[in-house]
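Each chain, written out:
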Amino acid sequence: MKHAVTILLAVLLVFLQYRLWVGPGSLADVHRMHTRAETLRVEIEAAQAENAALSAEIASLKGEDADALEARARRQLGLVREGEEFFLVVHEG
């Protein structure tokens, strides 16, 4: 009887050690989840910064800030005022 209890306790100990080191919810699994959470936190911060920049740009465009509209048109559409000359510099790679 005494040996059966000892064997049962040894088997239980091995099972619990397996769960601690390898199974679901193990230390390695928890570490992996913490690493993933940190990665997601960094991605969220980058997305929030991009959203803030876009919100500021939208606000300036909605406010009909003529300078902001002109700068955007020049940058994205190649706007050239009358009397100005446009030069396109192409670097051959």
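See the structure shown above.
Since the model is a prediction, treat every value here as computed from it, not as a measurement. (Residues numbered from 1 in each chain as written. Predicted model: local features only at pLDDT ≥ 70, side-chain atom pairs only at ≥ 80, totals over all residues. Heavy atoms only, no water.)

**Digging into the overall build of the chain**
The criterion, for reference: Helix numbers and strand numbers start at the N terminus; a helix is a DSSP run of H or I with at least 4 residues, a strand a run of E with at least 2. All radius of gyration figures rest on C-alpha atoms, and the globule criterion is 2.2 Å times the number of residues raised to 0.38. Relative accessibility thresholds used throughout: buried, under 20% of the residue-type maximum; exposed, over 50%; partly exposed, between the two (1.4 Å probe, protein chains only). In these tables, accessible area is a Shrake-Rupley quantity obtained with a 1.4 Å probe, and a residue counts as shielded only by the protein chains included in the view.
Along the chain, the regular secondary structure elements total three helices and zero strands. Secondary structure of the chain in N-to-C order comes out as α-α-α. On C-alpha atoms alone, the chain measures out to a radius of gyration of 31 Å, which is more than a quarter above the 12 Å that the 2.2 N^0.38 rule sets for 93 residues. Its C-alpha atoms put the chain at 105 × 40 × 10 Å along the principal axes. Taken over 93 residues, the chain has a buried fraction of 5%. Within the structure as shown, the chain displays about 8600 Å² of accessible surface, and the carbon and sulfur contribution to it stands at 64%.

**Here we look at the environment of Val22**
With respect to the helices, strands and loops of the structure, Val22 is situated in the loop between helix H1 (2-21) and helix H2 (27-62). Of the residues examined, Val22 reaches a relative accessible area of 53% and is grouped as exposed.

**Comments concerning a nonpolar patch on the surface**
Quick reminder of the rule: Patches here: salt-bridge-free residues with over 30% relative accessible area, like charges joined within 9 Å, nonpolar side chains (Val, Leu, Ile, Met, Phe, Trp, Tyr) joined within 5 Å. By convention in these notes, a salt bridge is any Lys or Arg side-chain nitrogen within 4 Å of a carboxyl oxygen on Asp or Glu.
A contiguous nonpolar surface patch, about 660 Å² in accessible area, is contributed by Met1, Val5, Leu9, Leu12, Phe15 and Leu16. Its location among the elements puts Met1 in the segment before H1. With a relative accessible area of 82%, Met1 lands in the exposed category.

**Things to note about the pattern of salt bridges**
Using the criterion set out here, one finds six salt bridges in the structure. Across the pair Arg41 and Glu38 runs a salt bridge, and its minimum N-O distance is 2.5 Å. Of the two residues, Arg41 and Glu38 both sit in helix H2, three residues apart, roughly one turn of that helix. The class of Glu38 is partly exposed, set by a relative accessible area of 40%. With a shortest N-O distance of 2.5 Å, Glu70 and Arg81 are connected by a salt bridge. One end of the pair, Glu70, is in helix H3 (residues 66-77); the other, Arg81, is in the segment after H3, and eleven residues separate them in sequence.

**Some remarks on the environment of Ser60**
Condition: Contacts between residues were defined by any pair of non-hydrogen atoms, one from each residue, lying within 4.5 Å.
On the secondary structure map, Ser60 appears in helix H2. Classification of Ser60 as partly exposed rests on a relative accessible area of 24%. Note: C-alpha distance between Ser60 and Arg75 (15 residues apart in sequence) is 16 Å. Not counting chain neighbours up to four residues away, the residues in contact with Ser60 comprise Asp65 and Ala68.

**Some remarks on the packing of H2 against H3**
For the record, the criterion: Where helices are involved, their axes are fitted lines through C-alpha atoms of the stretch in contact, as for all axes, and angles between N-to-C directions lie from 0 to 180°.
The N-to-C vectors of H2 and H3 enclose an angle of 115°; their axes lie 8 Å apart at closest approach. Across from Glu57, Ser60 and Leu61 in H2, the residues of H3 making contact are Ala68, Leu69, Arg72 and Arg75.

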